[in-house]
Amino acid sequence: MTTNDTADRLRKIADELGQRFYERDDVVRTLITAVLAGQHSLVLGPPGTAKSELARELTSRITDARYWEILLSKFTDPKRMFGPIDVAALSQGEYRQVYEGRATQAHIAFIDEIFKCSTAALNETLALLNERLYHPENGGAPIRCPLIAAITASNELPQGEDTAAIYDRLLVRIEVGYLADPSNFAELVRSAVVTPAPATRTTVELAALQHAVEVEVPAIGVPDGIVDAICTLRAGLRRKELIASDRRWRQAVRLLQAAAYLDGRAEVTDTDLSILTHVLWDSPAERPTVERTVLELVNPDAGKALDLSDAIEELEAELDAKAGQSAEKLSDWGIKEANPKLKRAGKELEKMRAEAEAAGRSTATLDRVIGRQRAVLARVLSEALGVDPSALAGQL
């Protein structure tokens, strides 16, 4: 499998999963980029947002890889994670652990409810994530683990200092929510009663992925202009009292290299900096500020696009606040105010996207805002104007 073939396959996997998991295109691509960088990720969101299913489907596309998954609780025994005692050997007076099928043997791990990690398992979990090492129960020499990357998930942020140490080791942090677009929700409901046609299923070989992680991604060039941009970004965030550790900034460089590799480029460009919106915040409340600071540095269109995004969010909040009003009032607001504003925003965003594409700039931010515009417009059409959500698919 050639270098280009590996990147091509990973892009196809991202496209296929983006089609299967509605409103998760950016999540899928970011998770793949994190794996390519050999970095761990966190998917943060409420129950029922397909966090586990997405992680399983992504990792199942890596052929020959050993995959390990666990749902943690405060009472999870470390031996359940890293290897139970070999009872047969113990009966012969020998104390040893069975590592097969455990985290100690995994190439890719999915750890659900990561912040419910028990105190007993905390140090070994940190050692696995930080150093890819496990220290056996019998005090023997540390075991080198083949872990490439862990995908973790949680419904909530860490609550104590112990789990905050794990949180700091998760370089990529992605928020997910319930489906926003009524037409996507209608398709989701339809998928529960209609058997879908067999989907195309691209895979990538473990050996090819490992070679990309260990050799090809680190070889991606990082021009001085990108180093200057990172320094500018750090200074801008510090002025806003948003401080990331030196370790996090250093690890983020490999993430930028992975983003460029995934796009088939030999060096990092300004476009790749947008992935830092998933790296440089600690609390969700900080994310919008980080996003605006990063994206305005990357793309001159980003500031205006984010202003339009704020206006779209305000319209959605207004729609939520009007719940319980008469159908006549809601329809009047939809016709005279919400629908015209959303249509204008949509035209501006499409024009900006065409200009960005013609100039060779990234359209990722604009695509995300366009997605939000279409989702809110669909809500207005269905909830305020009574349009059937099923009829909205492909019409916006």
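Residues numbered from 1 in each chain as written. Predicted model: local features only at pLDDT ≥ 70, side-chain atom pairs only at ≥ 80, totals over all residues. Heavy atoms only, no water.

Asks: Requested: an account of the overall build of the protein, with residues and values cited.
Replies: When its secondary structure is counted, the protein shows 15 helices and nine strands. Taken over the C-alpha trace, the protein has a radius of gyration of 23 Å; the compact-globule value for 396 residues is 21 Å, and the two agree within 12%. The 396 residues of the protein split such that 48% are buried. Across the protein, every contact between residues at least 6 apart in sequence was considered, and the portion connecting residues at least 24 apart equals 74%. If you average the places of the 48 positive and of the 60 negative side-chain charges in the protein, the two averages end up 1 Å apart. (Helix = DSSP H or I, 4+ residues; strand = E, 2+ residues; numbered from the N terminus. Rg over C-alpha atoms; globule rule 2.2 N^0.38 Å. Buried < 20%, exposed > 50% of the residue type's maximum accessible area, 1.4 Å probe, protein only. Contact = heavy atoms within 4.5 Å. Lys, Arg positive; Asp, Glu negative; His and termini not counted. Charge placed at Lys NZ, Arg CZ, Asp CG, Glu CD.)

Asks: How would you summarise the side chain of Thr 49 if you had to cite specific residues and measurements?
Replies: Structurally, Thr 49 can be placed in the loop between strand S1 (41–44) and helix H3 (51–59). Residue classification places Thr 49 among the buried positions, given a relative accessible area of 4%.

Asks: If you had to explain empty space enclosed by the protein to someone new, which residues and values would you point to?
Replies: Applying the stated criterion across every chain yields a total of three cavities of 30 Å³ or more. Space inside the largest cavity adds up to approximately 100 Å³. Taken together, Leu 10, Ile 13, Ile 32, Val 35, Leu 36, Leu 58, Thr 59, Arg 61, Ile 62, Ile 108, Val 204 and Leu 209 make up the lining of the largest cavity. Secondary structure elements with two or more residues in the lining of the largest cavity: helix H1 (3–20), helix H2 (25–36) and H3. In terms of residue count, the dominant contributor to the lining of the largest cavity is H2 (three residues). Looking at the lining of the largest cavity residue by residue, the class counts come to 10 nonpolar, one polar and one charged. The calculated volume of the second largest cavity comes to roughly 40 Å³. In terms of lining residues, the second largest cavity is bounded by Ser 274, Leu 295, Val 298, Asn 299, Ser 362 and Thr 365. Considered class by class, the residues forming the lining of the second largest cavity number two nonpolar, four polar and no charged. (1 Å grid on protein atoms, 1.4 Å probe; cavity = no way out; pocket = protein on both sides within 12 Å on 5 of 7 lines; lining within 4 Å. Points joined across faces, edges and corners; volume = space filled by probe spheres on them. Nonpolar A, V, L, I, M, F, W, Y, C, P; charged D, E, K, R; others polar.)

Asks: With reference to specific residues and values, describe the packing of aromatic side chains.
Replies: Tallying each qualifying case throughout the model produces three aromatic pairs. Relative to Tyr 134, the ring of Phe 82 has its centre 4.9 Å away and its plane inclined at 10°; by these criteria the two rings are stacked. Taken together, the residues Phe 82 in helix H4 (residues 78–82) and Tyr 134 in strand S5 (residues 133–134) connect sequence positions 52 residues apart. For Phe 82, a relative accessible area of 0% gives the class buried. Measuring from centroid to centroid gives 5.7 Å for Phe 115 and Tyr 167, while their planes differ by 75°, and the two rings are edge-to-face. Taken together, the residues span a long stretch of sequence, with Phe 115 in the loop between strand S4 (108–112) and helix H6 (119–131) and Tyr 167 in helix H7 (residues 161–168) at a distance of 52 residues. Assessed through its relative accessible area of 6%, Phe 115 is described here as buried. Classification of Tyr 167 as buried rests on a relative accessible area of 8%. Following the ring pairs from residue to residue traces out a cluster consisting of Phe 82, Tyr 99 and Tyr 134. The ring of Tyr 167 is capped by Arg 173, whose NZ or CZ atom sits 3.8 Å from the centre of that ring. (Phe/Tyr/Trp six-rings, centres within 6.5 Å; stacked < 30°, edge-to-face > 60°. Lys NZ or Arg CZ within 6 Å of the ring centre and 35° of its normal.)

Asks: Report on helix H13 (residues 302–321), specifying residues and quantitative values.
Replies: Between its first and last C-alpha atoms H13 spans 28 Å; for 20 residues at 1.5 Å apiece the expected length is 28 Å, and the two agree. When we look at burial in H13, the residues that qualify are Ala 302, Gly 303, Ala 305, Leu 306, Leu 308, Ser 309, Ile 312, Leu 315, Glu 316 and Leu 319. For H13, the elements touching its buried residues are helix H12 (287–298), helix H14 (327–358) and helix H15 (364–384). (Expected span 1.5 Å × (residues − 1).)

Asks: With reference to specific residues and values, describe the sheet that holds strand S7 (residues 149–154).
Replies: Working definition: the strands of a sheet are paired by backbone hydrogen bonds and lie parallel or antiparallel to each other. As summarised here, the arrangement of the five strands in space is S3-S4-S7-S1-S8, forming an open sheet in which the pairing is parallel. With one partner strand each, in any of the chains shown, strand S3 (67–71) and strand S8 (172–175) form the two edges of the open sheet. Averaged over all neighbouring strand pairs, the angle between strand axes comes to 15°, with direction disregarded. (Pairing = 2+ DSSP bridges. Axes fitted to C-alpha atoms, helices over the stretch in contact; angles between N-to-C directions.)

Asks: I'd love a proper account of the nonpolar core, names of residues and values included.
Replies: One finds Ile 32, Leu 36, Leu 276 and Leu 280 to be the most contacted residues of the largest nonpolar core, which totals 89 residues. Leave out the neighbours within four places in its chain, and Leu 36 touches Leu 10, Leu 209, Ala 212, Val 213, Val 217, Ala 258, Tyr 261 and Leu 262. The next biggest cluster of nonpolar side chains, apart from the first, holds 21 residues, and it includes Leu 315, Leu 330, Val 376 and Leu 381. (Core = buried A, V, L, I, M, F, W, Y, C linked by side-chain atoms within 4.5 Å.)

Asks: Residue-level account of the pairing of S1, with values.
Replies: For a regular strand, side-chain orientation follows a simple rule: the groups alternate between the two sheet faces. Of the two faces of S1, the one carrying Ser 41 and Val 43 and the one carrying Leu 42 and Leu 44 are both buried. Taken together, the four bridges between S1 and S7 define a ladder with parallel strand orientation. In the sheet register, Val 43 faces S7, and the bridge partner there is Ala 153. Pairing analysis gives four bridges linking S1 to S8, with the strands arranged parallel. Along S8, the bridge assignment pairs Leu 44 with Glu 175.

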